[in-house]
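So the chains spell out like this:
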Amino acid sequence: MSKPVVLIAEELSPATIEALGPDFEVRHCDGADRSALLPAVADVDAILVRSATKVDAEVFAAARRLKVVARAGVGLDNVDVRAATQAGVMVVNAPQSNIVSAAELAIGLLLAAARNIAPASSALKAGEWKRSKYSGVELYEKTAGIVGLGRIGALVAQRLSAFGMQVIAFDPYVAAGRAAQMGVRLVSLEELLRSSDVISVHLPKTPETVGLISDDQLATVKPSLILVNAARGGIVDEHALYLALKEGRVAAAGIDVFATEPCTDSPLFEFESVVATPHLGASTDEAQEKAGVAVARSVRLALAGELVPDAVNVQGGVIHEDVRPGIPLAEHLGRFFTALAGTVPSQLDVEVRGEIASQDVRVLELAVLKGMFADVVEESVSYVNAPVLASDRGVGVRLTTDPESPDYRNLITVRGTMPDGSQVSLSGTLSGPRHVEKLVEIDGFDIEVVLSEHMAVFRYDDRPGIVGTVGRILGDASVNIAGMQVSRDRKGGHALVAMTVDSAIPHPVLDEIVTAIGAATARQVDLTD
């Protein structure tokens, strides 16, 4: 019987080949060369790539036997996950491989900016001895602000504490008790900006975090601030940072990521006080080896038909065929929950009702957690690290099942008890032979809305004219409503509207709706893959 074929399309560490073991036929090609890649994938079972190989619909069409694509790293910009899912191909990555390297680079950028290492080195190599010009500042006893206290942010906080710094952090998804265990005090973003001598950004790039630190925020910081962004480009507005540096409102910066990459020409490069690197967060020998070994193990599991914890789209392993369609629904409910709650709960309950409750549905609990943290932390979230992320944030997780489901064949409910004792809940189901994902309950309000990429939820006091007002404002902003459902607890009581729209609602438009209808709460939900 022939061995499964694994194609290695880019240079990977020898440890990667060792981790695959002797049970596979290993081939090699230059994945960046399309004319070499397309014929090479024709009869392979798995492809291992880094960042140079583009794995898209054309590749999936040519690779009829393909079962798994493994990206030896964190990012998946070069892999079309949607096309892979449609082709029934599993995509895996190595979400934990670079966290130490990324944290250490952030520290390196901070030290380089604080002590003018880059310009002093350049001057000396040019024959200039300028000790007084490149005098720097100490970190000792200063305040470090961490924006995003996920795994990488926590590692940076730990290392800065060792420098004798006072560490504060902004992260609405971390419990104060958990932060205190790290020796970190949680504060608002406004307080962090006002109080910090250095700021290091460690957030995922989402519609909510793009431009999070811009003109208004940089207007409130100390003029001696050193700002480091080794997370994702666009979270720090580069033009706003340029103006702040030019006007002396920010002292220095360390930048590893840019809104558009590759970036070889930026106004930021004109400042000696800016140390810039070409997205080197994961570029260490150790991180690359960890990534290669991790994905090699995932390929072994996938081709053996076992559960693959680091799969980012479809799951392998012993999951019942009736349970499998519920995995994307559960993940979307988790993401929707986070958008509604605005923080993480103290206790999260995942309830599965109906026919599938007789099967092993633990993967649905993992999918909810994966979705819940997908837009919260900087690192990639997988089925293996999602429970760890919950534990790190003090979230208790409980799965309950019940074969009885009075209203729906199967129903998944996500219910969170928040730190203040309040509750947030939502329920979803799959409809019809195509397994259409529907949201059927939010906080006790009965609705029936198809889950979509762009959604919004408003709460208000029930009265005439609300739907028309919302429609008019969105129409004026050229935002088309695809679907809408209104629910209320009683006539003239509390009401909730859930809607799907064709594009994201701009924040000023969302604010206009809130003011116009007197909404108690307004939440926009982005389920874009």
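Our structure's up above, just so we're on the same page.
So, how was this worked out
- Along every chain, residues carry numbers that run from 1 in the direction the sequence is written.
- In view of the model being predicted, local features appear only for residues whose pLDDT reaches at least 70, and side-chain atom pairs are presented and counted only at 80 or more, with totals across whole chains, interfaces and linings using the full set of residues.
- Side-chain numbers come from the whole structure's heavy atoms, not from hydrogens or water.
- Any two strands between which DSSP finds at least two bridges are classified as paired.
- Only DSSP runs of H or I with at least four residues qualify as helices, and only runs of E with at least two residues qualify as strands; both kinds are numbered from the N terminus onward.
- Every axis corresponds to a line fitted to the C-alpha atoms, with the helix fit spanning only the stretch in contact, and the corresponding angles, defined between N-to-C directions, vary from 0 to 180 degrees.
- The contact criterion used is simple: two residues touch if any of their non-hydrogen atoms lie within 4.5 Å.
- One fewer than the residue count of a helix, multiplied by 1.5 Å, yields its expected span.
- Whenever Lys or Arg places a side-chain nitrogen within 4 Å of a carboxyl oxygen from Asp or Glu, that contact is recorded as a salt bridge.
- In this scheme, a residue with accessible area under 20% of its type's maximum is buried, one over 50% is exposed, and one in between is partly exposed, where area comes from a 1.4 Å probe on protein chains only.
- Polar contacts, as used here, are pairs of N or O atoms within 3.5 Å; protein pairs need one atom able to donate a hydrogen and one able to accept it. Residues neighboring in sequence count only if both atoms are side-chain atoms.
- Patch rule: a residue counts if its relative accessible area is over 30% and it has no salt bridge; like charges are joined within 9 Å, and nonpolar side chains (Val, Leu, Ile, Met, Phe, Trp, Tyr) within 5 Å.
- For the accessible areas, the method is Shrake-Rupley and the probe is 1.4 Å, while residue cover comes only from the protein chains on display.
- The charged-residue count follows a simple rule in which Lys and Arg add positive charge and Asp and Glu add negative charge, with His and chain termini not counted at all.
- One atom stands in for each charge, and that atom is NZ of Lys, CZ of Arg, CG of Asp or CD of Glu.
- Angle categories are assigned with fixed cut-offs, so that under 35 degrees is roughly parallel, over 145 is roughly antiparallel, 65 to 115 is roughly perpendicular, and the rest are oblique.
- The hand of a helix crossing depends on one turn: near helix anticlockwise from the far one by less than a right angle means left-handed, and clockwise means right-handed.
- Residue polarity follows a fixed list, in which Ala, Val, Leu, Ile, Met, Phe, Trp, Tyr, Cys and Pro are nonpolar, Asp, Glu, Lys and Arg are charged, and the others, Gly among them, are polar.
- Put simply, two rings from Phe, Tyr or Trp (the six-membered ring, in Trp's case) pair if the centres are within 6.5 Å, and we call them stacked under 30 degrees between planes, edge-to-face over 60, tilted for the rest.
- Crossovers are marked right-handed if the path from the first strand over the helix to the second runs clockwise, as seen with the strands pointing away from the viewer.
- Buried residues of nine kinds, namely Ala, Val, Leu, Ile, Met, Phe, Trp, Tyr and Cys, make up a nonpolar core once their side-chain atoms join them within 4.5 Å.

**Section: the sheet that holds strand β19 (residues 454–461)**
Logical step 1: Taken together, the four strands give an open sheet; going across it, the order is β20-β21-β19-β22, and neighbouring strands pair in antiparallel fashion. Bordering the open sheet on either side are β20 (481–488) and β22 (521–526), each of which pairs with just one other strand. Sheet twist, expressed as the mean angle between neighbouring strand axes with direction ignored, is 15°.
Logical step 2: Sheet topology note: the β20/strand β21 (residues 494–501) ladder contains seven bridges and is antiparallel. Looking at the pairing, Arg488 lines up with Ala495 of β21.
Logical step 3: Here helix α13 (residues 326–341) sits on the sheet and contacts β19 and β22; the angle it forms with β22, its principal contact strand, is near 150°.
Logical step 4: Its contacts with the sheet put helix α17 (residues 507–517) on β19 and β22, and the angle it makes with β19 is roughly 20°.

**Section: helix α12 (residues 285–303)**
Logical step 1: Taking 1.5 Å per residue, 19 residues should reach 27 Å; α12 reaches 27 Å between its end C-alpha atoms and fits that length.
Logical step 2: On its buried face, α12 is in contact with β1 (5–8), α1 (14–20), β3 (46–49), β4 (68–71), β5 (90–92) and α5 (99–114).
Logical step 3: Residue Gly305 follows α12 closely and has a positive phi angle near 75°.

**Remarks on the pattern of salt bridges**
Logical step 1: Summed over all chains, the structure comprises 25 salt bridges.
Logical step 2: Arg27 is the salt-bridge partner of Glu25, the closest N and O atoms lying 2.9 Å from each other.
Logical step 3: Relative accessible area serves as the criterion here: at 36%, Glu25 is assigned to the partly exposed category.
Logical step 4: For Arg27, a relative accessible area of 27% gives the class partly exposed.
Logical step 5: Two residues, Arg415 and Glu351, come together in a salt bridge whose shortest N-O distance is 2.4 Å. Residue Arg415 is found in strand β15 (residues 410–417), and its partner Glu351 is found in strand β13 (residues 347–354); the two are separated by 64 residues along the sequence.
Logical step 6: Using a relative accessible area of 22% as the deciding quantity, one classes Arg415 as partly exposed.

**Some words on helix α11 (residues 238–246)**
Logical step 1: Regarding α11, the residues found buried are Ala240, Leu241, Tyr242, Ala244 and Leu245.
Logical step 2: Check the buried side of α11 and you find it contacts α10 (215–218), β10 (226–229), β11 (252–255) and β12 (274–276).
Logical step 3: Where α11 begins, the capping side chain belongs to Asp237, and its oxygen is found 3.0 Å from the backbone nitrogen of His239.
Logical step 4: Two residues or fewer after α11 comes Gly248, characterised by a positive phi angle close to 75°.

**Observations concerning a negative patch on the surface**
Logical step 1: Among the surface-exposed residues, Glu18, Glu104, Asp285, Glu286 and Glu289 lie close enough to one another that they form a single negatively charged patch.
Logical step 2: Broken down by element, the residue count for the negative patch peaks at three residues, all from α12.
Logical step 3: Secondary-structure assignment places Glu286 in helix α12.
Logical step 4: On the basis of relative accessible area, Glu286 is assigned to the exposed category, the value being 52%.

**Structural notes on the packing of helix α16 (residues 466–476) against α17**
Logical step 1: Packing of α16 against α17 brings their axes to within 10 Å, and their N-to-C directions diverge by 155°. Overall, the two elements α16 and α17 adopt an arrangement that is roughly antiparallel. Crossing hand, α16 versus α17: right-handed. Contacts from Ile466, Thr469, Val470, Ile473 and Leu474 of α16 reach α17 at Val509, Glu512, Ile513, Ala516 and Ile517.
Logical step 2: Residue composition of the contact of α16 with α17, grouped by class: eight nonpolar, one polar and one charged.

**As for the packing of aromatic side chains**
Logical step 1: For the structure on display, the rule yields two aromatic pairs.
Logical step 2: A centroid spacing of 5.4 Å and a plane angle of 50° characterise the contact between Tyr242 and Phe271, whose relative ring orientation is tilted. You can see Tyr242 sitting in helix α11 and its partner Phe271 sitting in the loop between β11 and β12, a full 29 residues away along the chain.
Logical step 3: Residue class for Phe271 comes out buried when judged on its relative accessible area of 14%.

**Let's talk about the pairing of β4**
Logical step 1: Of the two faces of β4, the one carrying Val68 and Ala70 and the one carrying Val69 and Arg71 are both buried.
Logical step 2: Bridge count for β3 against β4 is four bridges, and the pairing is parallel. Across the sheet, the residue bridging to Leu48 is Ala70, located in β4.
Logical step 3: With helix α3 (residues 57–62) bridging β3 and the parallel β4, this β-α-β connection has right-handed handedness.
Logical step 4: Of the strand pairs in this sheet, β4 and β5 are connected by three bridges, and their pairing is parallel. The residue of β5 that forms the bridge with Val69 is Val91.
Logical step 5: On the question of chirality, the crossover connecting β4 to the parallel β5 by way of helix α4 (residues 81–86) is right-handed.

**Quick word on the nonpolar core**
Logical step 1: Counting residues in hydrophobic clusters, the biggest one holds 48 residues, and the most contacted among them are Phe336, Phe337, Leu348, Leu364, Phe373 and Ile442.
Logical step 2: Setting aside residues no more than four positions away along its own chain, Phe373 makes contact with Val344, Val381, Ala386, Leu389, Ala390 and Arg393.
Logical step 3: Core analysis: the next-biggest nonpolar cluster, separate from the first, contains 32 residues, Ala103, Ala106, Ala112 and Ile226 among them.

**Structural notes on the packing of α5 against helix α7 (residues 151–162)**
Logical step 1: Look at α5 against α7: their axes get within 9 Å of each other, and the N-to-C directions meet at 50°. When the axes of α5 and α7 are compared, the pair comes out oblique. The crossing of α5 and α7 is right-handed. Together, Ile99, Val100, Ala102, Ala103, Glu104, Ala106, Ile107 and Leu110 of α5 and Arg151, Ile152, Leu155, Val156, Arg159 and Leu160 of α7 make up the contact between the two elements.
Logical step 2: Split by residue class, the contact of α5 with α7 holds eleven nonpolar, no polar and three charged.

**Some remarks on the side chain of Asp392**
Logical step 1: Counting through the fold element by element, Asp392 comes out in helix α15 (residues 386–392).
Logical step 2: Given the relative accessible area of 18%, Asp392 is considered buried.
Logical step 3: Not counting residues within four places of it along the chain, the set of residues in contact with Asp392 comprises Arg151 and Arg178.

**Observations concerning the environment of Leu48**
Logical step 1: Here Leu48 is to be found in strand β3.
Logical step 2: The spatial distance from the C-alpha of Leu48 to the C-alpha of Asn93 is 9.8 Å, given a sequence separation of 45 residues.

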